[in-house]
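Here is what each chain is made of, one letter per residue.
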Amino acid sequence: MNKIEKVLLDNSRTMHGSVLGFGSLDEKLLSEIDKNQNITTFTVLSDLNYTGGEGKKRGPSKKISYRKIRKKFRKQNIQYIIASYDDLHGYHRRFISDSLYLAEYSVVLFVKNEDIDIDIIKKRYARYHQKCDVISCRDGVVFKITKKDYKKNRIRDTFYLFINFVSDGINFIGDLFVV
């Protein structure tokens, strides 16, 4: 089994165009993206401050409300998204539909926390009929979602958001009764 870091580095070498990052990303991954000549822009949305250094592709991290992500990035051509699912507090329900809406080619999502249910993430991406490869690592799990034949549908997204809300509510109530 590989480490998450190695899988992310392998995926970052094949990326091109513009890349959007969510959460805390390793310094090795950021330097590998800076070295990649095919990546034109790289934007990090995080609480941490990543300094630009000599690489002109990334600047300081931006703080944008999760509700405004679609509005802010819809006109930009984003080919790839790299995200840490652990750092998306309060945005788990909405992230799946937003990532498919924004990314043109694929989404790379990594989970280091064992408390997060991997089957739920895989099932939520399978609703949109997207190919979801699960790569198990020593220190977590990496999801590589290859986007194909995705049609933007606001009604479907709202319906799935409502189902996710109800499902999370039922799980929360079930956890209260168990404890």
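Up top you'll find the structure we're talking about.
Residues numbered from 1 in each chain as written. Predicted model: local features only at pLDDT ≥ 70, side-chain atom pairs only at ≥ 80, totals over all residues. Heavy atoms only, no water.

Caption draft 1: Spatial organisation of the packing of aromatic side chains. The final tally for this structure, using the stated rule, is four aromatic pairs. Aromatic side chains Phe22 and Phe95 sit 5.4 Å apart centroid to centroid with 85° between the ring planes, which places their arrangement in the edge-to-face category. Here Phe22, found in strand 1 (residues 17–22), pairs with Phe95, found in helix 4 (residues 92–102); they are 73 residues apart in sequence, far enough to count as distant. Grouping residues by exposure puts Phe22 and Phe95 together as buried. (Phe/Tyr/Trp six-rings, centres within 6.5 Å; stacked < 30°, edge-to-face > 60°. Helix = DSSP H or I, 4+ residues; strand = E, 2+ residues; numbered from the N terminus. Buried < 20%, exposed > 50% of the residue type's maximum accessible area, 1.4 Å probe, protein only.)

Caption draft 2: Structural view of the packing of helix 4 against helix 6 (residues 154–178). Running from amino to carboxyl end, helix 4 crosses helix 6 at an angle of 155°, the nearest separation of the two axes being 9 Å. What the angle tells us is that helix 4 and helix 6 run roughly antiparallel. As helix 4 runs across helix 6, the sense of the crossing is right-handed. Packed against helix 4, whose contacting residues are Arg93, Arg94 and Ser97, the element helix 6 presents Asp157, Leu161, Asn164, Phe165 and Asp168 at the interface. Across the contact of helix 4 with helix 6, the residue classes tally to two nonpolar, two polar and four charged. (Axes fitted to C-alpha atoms, helices over the stretch in contact; angles between N-to-C directions. Parallel < 35°, antiparallel > 145°, perpendicular 65-115°, else oblique. Left-handed = near helix turned anticlockwise from the far one by under 90°. Contact = heavy atoms within 4.5 Å. Nonpolar A, V, L, I, M, F, W, Y, C, P; charged D, E, K, R; others polar.)

Caption draft 3: Just the pairing of strand 3 (residues 78–84), in detail. Of all seven residues in strand 3, seven are buried, a share of seventy percent or more. Where strand 1 and strand 3 come together, four bridges link them in parallel fashion. Counted as the bridge partner of Gly21 is Ile82 from strand 3. Bridge analysis of strand 3 against strand 4 (residues 103–111) gives six bridges, and the strand direction is parallel. Residue Ile81 lies in a different strand from strand 4, and its bridge partner there is Val107. Read as a crossover between parallel neighbours, the route from strand 3 over helix 4 to strand 4 is right-handed. (Pairing = 2+ DSSP bridges. Right-handed = clockwise from strand over helix to strand, strands pointing away.)

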